[in-house]
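As a plain string of letters, each chain reads:
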There are 2 protein chains.
Amino acid sequence: MSQPENPDARRPTTADTTGPANVRMPDSVEAGAMNHAIFRVARLHRMLAGQLLRRVGLHPSQELVMMQLWDRGPQRQTDLVRFLGSDAATMTRTIRRLENAGFVRRRPSTTDKRVTIVEPTAASNALRNEVEQVWMDLETSVTEGMTPAQQAEAIEVLDLIEKSLARATSQDI
Amino acid sequence: MSQPENPDARRPTTADTTGPANVRMPDSVEAGAMNHAIFRVARLHRMLAGQLLRRVGLHPSQELVMMQLWDRGPQRQTDLVRFLGSDAATMTRTIRRLENAGFVRRRPSTTDKRVTIVEPTAASNALRNEVEQVWMDLETSVTEGMTPAQQAEAIEVLDLIEKSLARATSQDI
DNA sequence: AGCCATTTACTGTTCGAACAAGTACATCCC
DNA sequence: GGGATGTACTTGTTCGAACAGTAAATGGCT
């Protein structure tokens, strides 16, 4: 299919790269390559994280909350929201589920009656090693196909993308 | 920065690269740098996409369905599932919402009574340019802080990560 | 022909993500 | 002091993501 031989002279096949943004893309193949790449990586990473977390009985994002609590100790929900980058409403429910699961306890702050302090329970310590193992497995899954140099490059690239996105998000255009 | 002159012979400062995987990480700073980087990029990208899509009245992921339909024409839900990489249950509901919004129509296949064919409506064509504009804005937001060389590098790195993740996901470990 | 695994789509359910709206408390400023 | 403003958290709601279970149709295999 797709005519293997055509004598036509100009073919923008492999790399025109200098996409002038006005000329129509040759095919619809490459309109937004970066978006597609990010979407696919994000989806696969989320899927794999979900599969690994399932074994330890956590849902995606709950592990981030627990890791933050284990690392930094008891703190306000707002602090967790800032860390997760999520919103307060989501955090309220996530915390409630973690509380019901017995991994987290909540107590009101004495100094500021608006805030509730969230802290990891002793029972949660049993989880900690498992979650850290999951985290390392996930990291390994990403990096095992890459040379150390490629890994370093990847981090740089991701940081660069993050900066771009952060700027665009704050601007809100 | 980074001490232009130092007489010391071996310094693993910038690129020791050969990360031995056994030695403990010096701080807890760098345990899962790749994971964190991917999470942050994924979150920001999703957030920005959501903000942009909101203006055209679509929810995240609906635009991917519509783009697939515009590009490839009427097709079965299973094909859309394969494209989105999501699952059939999610697709059923997404399609229903797009149908209620008037962007999509469903008709039963005559040859296979199990399948329903999904096709974009004429009304959806009004959306198409807007969605493509959103898609380009999103792409621009990611790439505008990067040189063309960095963009090419980013695509390579993301493809590499995707391959690693795809392998890990299929293995299911 | 008849059985059976597979495919296709749907529903039920739980959970995170996000927006909106509302309550309780805190702080600032007049 | 008292109103205006801001912060911390909660609830309501819609939507995607994912797992489980179901039902119908298909196709292969004996």
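Residues numbered from 1 in each chain as written. Chains lettered and ligands numbered in written order. Predicted model: local features only at pLDDT ≥ 70, side-chain atom pairs only at ≥ 80, totals over all residues. Heavy atoms only, no water.

Chemist: Before we go on, may I ask you to explain the relation of the copies chain B and chain A in this structure?
Modeler: A rotation about some axis, followed by a shift along it, carries one copy of the chain onto the other. Mapping chain B onto chain A calls for a rotation angle of 180° and an axial translation of 0.0 Å; the resulting RMSD is 0.0 Å. On the angle and the small slide along the axis, the relation comes out as a two-fold axis. If distances are taken from each C-alpha of chain B to the rotation axis, the shortest is found for B:Ala42, at 2.6 Å. Mapped onto chain A, 95% of the interface residues of chain B again fall at the interface, so both copies present the same surface. (Least-squares fit on C-alpha atoms with pLDDT ≥ 70 in both. Contact = heavy atoms within 4.5 Å.)

Chemist: Before we go on, may I ask you to explain the protein's contact with DNA strand C in this structure?
Modeler: The environment of DNA strand C is made up of 27 residues, and the closest members are A:Arg97, B:Thr78, B:Arg93, B:Arg106 and B:Arg114. When atoms of DNA strand C within 4 Å of the protein are sorted by moiety, sugar and phosphate together comprise 70%. Within the side chain of A:Thr90, an N or O atom sits 3.5 Å from a base nitrogen of DNA strand C. A distance of 2.6 Å separates a base oxygen of DNA strand C from a polar side-chain atom of B:Arg114. Looking at the surface near DNA strand C, the elements with two or more residues in it are helix 4 (88-101) of chain A together with helix 1 (33-56), helix 3 (77-84) and helix 4 (88-101) of chain B. Ranked by residue count, the leading element in the surface near DNA strand C is helix 4 of chain A, at five residues. Looking at the surface near DNA strand C, its residues break down into five nonpolar, 10 polar and 12 charged. (Near = heavy atom within 4 Å. Polar contact = N/O pair within 3.5 Å; in protein donor to acceptor, adjacent residues only side chain to side chain. Helix = DSSP H or I, 4+ residues; strand = E, 2+ residues; numbered from the N terminus. Nonpolar A, V, L, I, M, F, W, Y, C, P; charged D, E, K, R; others polar.)

Chemist: Would you explain the protein's contact with DNA strand D in this entry?
Modeler: In the neighbourhood of DNA strand D, 29 residues make up the surrounding shell, with A:Thr78, A:Arg93, A:Arg96, A:Arg106 and B:Arg97 lying closest. Among atoms of DNA strand D positioned within 4 Å of the protein, sugar and phosphate together represent 66%. Within the side chain of A:Thr78, a nitrogen or oxygen atom sits 2.4 Å from a phosphate oxygen of DNA strand D. Among the secondary structure elements, those contributing two or more residues to the surface near DNA strand D are helix 1 (33-56), helix 3 (77-84) and helix 4 of chain A together with helix 4 of chain B. Here the surface near DNA strand D is built from residues that sort into six nonpolar, 11 polar and 12 charged.

Chemist: Where do I start with helix 3 of chain B in this structure?
Modeler: Owing to its 3.6 residues per turn, the α-helix brings residues three or four apart onto one side. Residues B:Gln77, B:Leu80, B:Val81 and B:Leu84 constitute the buried set of helix 3 of chain B. Looking down the long axis of helix 3 of chain B, one finds its buried residues gathered within 105° of arc, a one-sided arrangement. Summarising the contacts, the buried residues of helix 3 of chain B are in contact with helix 1 of chain A together with helix 2 (62-72), strand 1 (75-76), helix 4, strand 2 (104-108) and strand 3 (116-120) of chain B. Two residues or fewer past helix 3 of chain B, B:Gly85 is found with a positive phi of approximately 75°. (Buried < 20%, exposed > 50% of the residue type's maximum accessible area, 1.4 Å probe, protein only. Arc of directions from axis to C-beta.)

Chemist: Explain the pattern of salt bridges here, please?
Modeler: Oppositely charged side chains are able to pair whenever their charged atoms sit close together. Tallied over the entire structure, the rule returns 20 salt bridges over all chains. One salt bridge connects B:Arg114 with B:Asp112, and the closest N-O pair in it is separated by 2.8 Å. Overall, the relative accessible area of 72% leaves B:Arg114 in the exposed class. A relative accessible area of 23% means that B:Asp112 is categorised as partly exposed. What you see here is one network of salt bridges that share partners, running through A:Asp71, A:Arg128 and A:Glu132. (Salt bridge = Lys/Arg side-chain N within 4 Å of Asp/Glu carboxyl O.)

Chemist: I tried to follow the confidence of the model for chain A on my own but got confused; where do I start?
Modeler: Do not read the predicted coordinates in detail wherever pLDDT is low. Overall, the predicted model of chain A reaches an average pLDDT of 84, with 82% of residues at or above 70. Note that pLDDT drops below 50 for residues 1-29 of chain A; the model gives that stretch three contacts with residues more than four away or on any other chain. (pLDDT = per-residue confidence, 0-100.)

Chemist: So what exactly am I meant to see when it comes to the packing of helix 2 (residues 62-72) of chain A against helix 5 (residues 125-143) of chain A here?
Modeler: Each pair of packed helices can be summarised by the angle the axes make with each other and by the distance between the axes. Residues and elements named next belong to chain A. Across the interface, helix 2 lies against helix 5 with an axial gap of 11 Å and an inter-helix angle of 115°. Two packed elements cross with a definite hand, and for helix 2 against helix 5 that hand is left-handed. Residues Glu63, Leu64, Met67, Trp70 and Asp71 of helix 2 form the contact with helix 5, whose participating residues are Asn125, Leu127, Arg128, Val131 and Trp135. Split by residue class, the contact of helix 2 with helix 5 holds six nonpolar, one polar and three charged. (Axes fitted to C-alpha atoms, helices over the stretch in contact; angles between N-to-C directions. Left-handed = near helix turned anticlockwise from the far one by under 90°.)

Chemist: Would you take a moment to explain the sheet that holds strand 1 of chain B for this structure?
Modeler: The pairing of strands in a sheet comes from backbone hydrogen bonds and takes either a parallel or an antiparallel form. Residues and elements named next belong to chain B. Strand order in the open sheet formed by three strands is 1-3-2, and the pairing between neighbours is antiparallel. Every other strand in the sheet has two partners, leaving strand 1 and strand 2 as the edge strands with one partner each. By the bridge criterion, five bridges tie strand 2 to strand 3 in an arrangement that is antiparallel. By the bridge assignment, Arg106 is partnered in strand 3 with Val118. Against the sheet, helix 2 engages strand 1, strand 2 and strand 3, with an angle of about 90° to strand 3. (Pairing = 2+ DSSP bridges.)

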